[in-house]
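Secondary and tertiary structure notes
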Amino acid sequence: MTQQLNSAFSPSRATGTVQDQVLDVIVARTLYQREQLPLEAHLEGELGIDSVVLESIAVALRTRFGLDERTLRSDLVTVQDLVDAVVDSSDAASAPAPTAAPAPAPSPVRSADAAAHGPSDQRSQIREAVIAATMLHTHYQRQDLDPDADLESELGVDSVVLASITAEVRQRLPFVGEAPSALGATTLRELCERFDPDAPPTAPPTVPKRRPVPAPVRIVQGTSQIRRPAVDEAVPWDTRSMKDFAEERDPDLFAKVRSFGSYHRSREAEQLHWYGMPLQSRCENRAVIHDELTGRTREFLMFASNNYLGLANHPKVVDAVCDATRVYGATNTGCRLIGGTNVLHKELERRLAAFKQRPAAIVFPGGYSANIGVISALVKSYDAAVVDKLNHMSIVDGCRLSGGQRRIYRHNDMDDLERVLKRCADQAQGRLIVTDGVFSMHGDVCDLPGIVRLAEQYGARVLVDDAHATGVLGATGSGTAEHFGLKGRVDLELGTMSKTLAGMGGFIVGDEDVIEYLRFYANSYVFAATIPAGVAAGLIAAIDVIEKEPERLARLWSNIRTLRRNLVEAGFDLENSDSAILPVVIGDERKTMEMGRAVRARGLFCQTVVYPGVPVGDARLRISVTSEHTPEDLDEAANIFIDAGRETGVLPSRGDAHRPIVTDRSAATDPSDRWATGVGQARW
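Read on for a plain summary of the structure. (Residues numbered from 1 in each chain as written. Predicted model: local features only at pLDDT ≥ 70, side-chain atom pairs only at ≥ 80, totals over all residues. Heavy atoms only, no water.)

**Here's the deal with the layout of surface pockets**
In plain terms, the rule: Buried and open spaces are told apart on a 1 Å grid over the protein atoms alone, a cavity being a set of points where a 1.4 Å probe fits but cannot get out and a pocket being an open set with protein on both sides within 12 Å along at least five of seven lines. Residues with an atom within 4 Å of a point are the lining residues. Grid points are joined across faces, edges and corners, and a volume is the space filled by probe spheres set on the points. Helix and strand assignments come from DSSP, with helices taken as H or I runs of at least 4 residues and strands as E runs of at least 2, each series counted from the N terminus.
By volume, the second largest pocket amounts to about 520 Å³. As for the second largest pocket, its lining consists of 30 residues, and the residues nearest its centre are H392, S440, M441, Q607 and R622. Contributions of two or more residues to the lining of the second largest pocket are made by α11 (367-378) and β12 (607-609).

**Let's talk about empty space enclosed by the protein**
Defined as follows: Classes in brief: Ala, Val, Leu, Ile, Met, Phe, Trp, Tyr, Cys and Pro nonpolar; Asp, Glu, Lys and Arg charged; the others, Gly included, polar.
By the definition in use, this model includes one cavity of 30 Å³ or more. Lining the largest cavity, in full, are S153, E154, R407, V420, R423, C424 and Q427. Of the residues that constitute the lining of the largest cavity, the class distribution is two nonpolar, two polar and three charged.

**A few points about unusual backbone geometry**
Y611 connects to P612 through a cis peptide bond whose omega is 10°. Tracing the sequence through the fold places P612 in the loop between β12 and β13 (619-624). In the Ramachandran plot, N412 falls in the positive-phi region, its phi being about 55° despite a non-glycine side chain. Tracing the chain through its elements places N412 in the loop between β5 (405-409) and α13 (414-423). The phi dihedral of E575 is positive, around 50°, even though this residue is not glycine.

**Considering the environment of L463**
Operational definition: The contact criterion used throughout is that any non-hydrogen atoms of two residues lie within 4.5 Å.
Here L463 shows up in strand β7 (residues 461-465). Note: C-alpha distance between L463 and D436 (27 residues apart in sequence) is 8.6 Å. Among residues more than four places away in sequence, those in contact with L463 are N371, V374, I375, L432, I433, V434, T435, L492 and L494.

**A few points about the nonpolar core**
Proteins that are soluble and globular tend to have nonpolar side chains buried together. Put simply, the rule is: By nonpolar core is meant a set of buried Ala, Val, Leu, Ile, Met, Phe, Trp, Tyr and Cys residues that side-chain atoms within 4.5 Å join together. Burial classes follow relative accessibility: with a 1.4 Å probe on protein chains only, a residue under 20% of its type's maximum area counts as buried, one over 50% as exposed, and anything between as partly exposed.
Formed by 89 residues in total, the largest nonpolar core has its most connected members in L348, L563, F572, I623 and F641. Of all the elements, helix α18 (residues 533-548) adds the most residues to this core, at 10 residues. Membership of the second largest hydrophobic core comes to 27 residues, among which are I49, A60, A85 and V86.

**Focus: the packing of aromatic side chains**
The criterion, for reference: Two aromatic rings from Phe, Tyr or Trp, using only the six-membered ring of Trp, form a pair when their centres are within 6.5 Å; if the ring planes differ by under 30 degrees the pair is stacked, by over 60 it is edge-to-face, and anything between is tilted.
The final tally for this structure, using the stated rule, is seven aromatic pairs. Ring geometry for W274 versus F605: centroids 5.3 Å apart, planes at 65°, classification edge-to-face. Of this pair, W274 sits in the loop between α8 (255-269) and β1 (286-291) while F605 sits in strand β11 (residues 604-605), and the two are 331 residues apart along the sequence. Its relative accessible area of 6% is what places W274 among the buried residues. Look at Y517 and Y521: their rings are 4.3 Å apart centre to centre, the planes differ by 15°, and that puts the pair in the stacked class. Placement of both Y517 and Y521 in helix α16 (residues 512-521) is noted, with a separation of four residues, approximately one turn of the helix. Taking the relative accessible area as the measure of exposure, Y517 reaches 36% and is therefore partly exposed.

**A word on the sheet that holds strand β9 (residues 506-510)**
As a reminder of what qualifies: In short, DSSP must find at least two bridges between two strands for them to pair. Lines fitted to the C-alpha atoms define the axes, with helices restricted to the stretch that makes contact. Angles between their N-to-C directions range from 0 to 180 degrees.
Pairing is mixed in the open sheet, where seven strands are placed in the order β3-β9-β8-β7-β6-β4-β5. Where the open sheet ends on each side, the last strands, each with one partner, are β3 (360-364) and β5. Ignoring strand direction, the axes of neighbouring strands in this sheet form an average angle of 20°. Bridging between strand β4 (residues 384-388) and strand β6 (residues 431-436) involves four bridges; their strand directions are parallel. Across the sheet, residue V386 finds its bridge partner in β6, namely I433. Strands β3, β6, β7, β8 (492-496) and β9 of the sheet are contacted by α11, whose axis makes an angle of about 155° with β8.

**Structural notes on helix α21 (residues 631-648)**
Heads up, the condition is: Working rule for helices: expected span equals 1.5 Å times residues minus one.
Here α21 spans 26 Å end to end across 18 residues, near enough to the 26 Å set by a 1.5 Å rise per residue. In terms of burial, α21 is largely enclosed, as 14 of its 18 residues are buried.

Geometric values such as these leave the question of function open.
Structure, rendered in structure tokens:
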């Protein structure tokens, strides 16, 4: 099978003719396969190739055939017109151009009597289905798919894309069945083997065991009885997760909507899904939340807010928003390039650049749109985005939108990052390393010194997403680069203004020429309305408070150290958190949701994170600490987590583990503790 697989991944048709080369370029810049490109197809009406994509195709063809810039204009209508234009405009006209479309590859769909065919026929169909599905869900052509290339680091196929590929194969070949082990494949060759029903059975991937947690400290404390929602014990547990509804195939697009709706309502009935509940107060260390499932309104200890320095309710920030809104109105009703720029936007960009200690800044409508805009503006189909496996979804979507190659390195693994950079050196022209500064579901900090060193060694650029690092890391709260003393060596720093800065929007700082380029080529900036002037005024005021009240940052880190110590000593697994995000890692999705319910029942609200926030099998509670939490809040929170952990089995029963309570506050600032190293010092 190895020899067959290698030959199958090689191009099956000649690529020397003009027509073949034109089709190759179209495939590389769209999501189509060659079989989906009949020569008579209308570029816009049938293929959706607009003027922007067509110009990208034209640029590639001019380069390939040495054509004049005046050729291949926008009046082309069909694929055949494009082929003819290249033939007529280049020395390649002498090359024989076939008049018929390439013969389609054999259909990978297995017939009803497929079981009568031999194993080699099955394997051939599996191989072709895997190739076709991979091409469909990535930007690769057949000849680019090395069967032994690592799916993540060399092909950029993460768990989400792999799930789509496997679903596509099952749709094409019903005889392969569910094949659960396919999701654990690391190469295309291995994926083919795991779909083969005649191959020896392979165990499905398992979740790695957690590292041992510290021994608990013995302190006796009382219990509390929590009223549970009525659940019919005879009804079996629905083992599905939200992942199961992303690839449900049906002619009716809304079939998956109905399936998920039924699942979601059953989870709500057990108070396990508790998402989007409305606040009826300010979001401070405590908040009043209305439970739409029970109709009950109550006050919760709030540990789900990204208001890290408590600026969302600061009087100066609130007054600035109100005053500017009265002067400039509710909004700007336009994009920044056409009527939407206010003097406050200019001042905000100046202040952000100064705060982040960089020459220039650009403000986007949101942090998500900032990542999408900058990555898609800089990375093209011939470039590569090299990304950490645990990056935020906005980075993933930015890479998809760019059309560039995506290469994934293992989380914070610099040896793997170097291997990826080496292997894509000959496969991509430009390379952009993109990483979270603080990883939003894990709380750990990127190895920025290692990333910068490798970027400089291999000629790559670096983009750091400081969404959860701005206002948290560094001596002044400037972020990850300041935290590691690397200001000026990181090409681009991105941030959101809806977290510490207590407003709305996103921003990027960097050199002036790069920022000015983004103003004209980042579509999520060019074609989107901007934040209102009142919001800009509030953000300026928030920066003022950060600079004038450094004690807020010191208090935040004192609170982080205190709560982290209590939870670790109780026996919880917080991974390698080194920020205001403390993950209580549980793994099992059911137990995690039950733990979240038990915590809420005791009057504390934090985020219950399951798929797609984290992979299946890595579920957790996500605790966000702020400077506004009092010592009493932190002790009460620790007690609630411990009680809930014992009740749900996340922690051992009372006889084996006991609650740690910090009564001597000086203990939280012991100089020997790595968590008491002081604001601005590296905690690595």
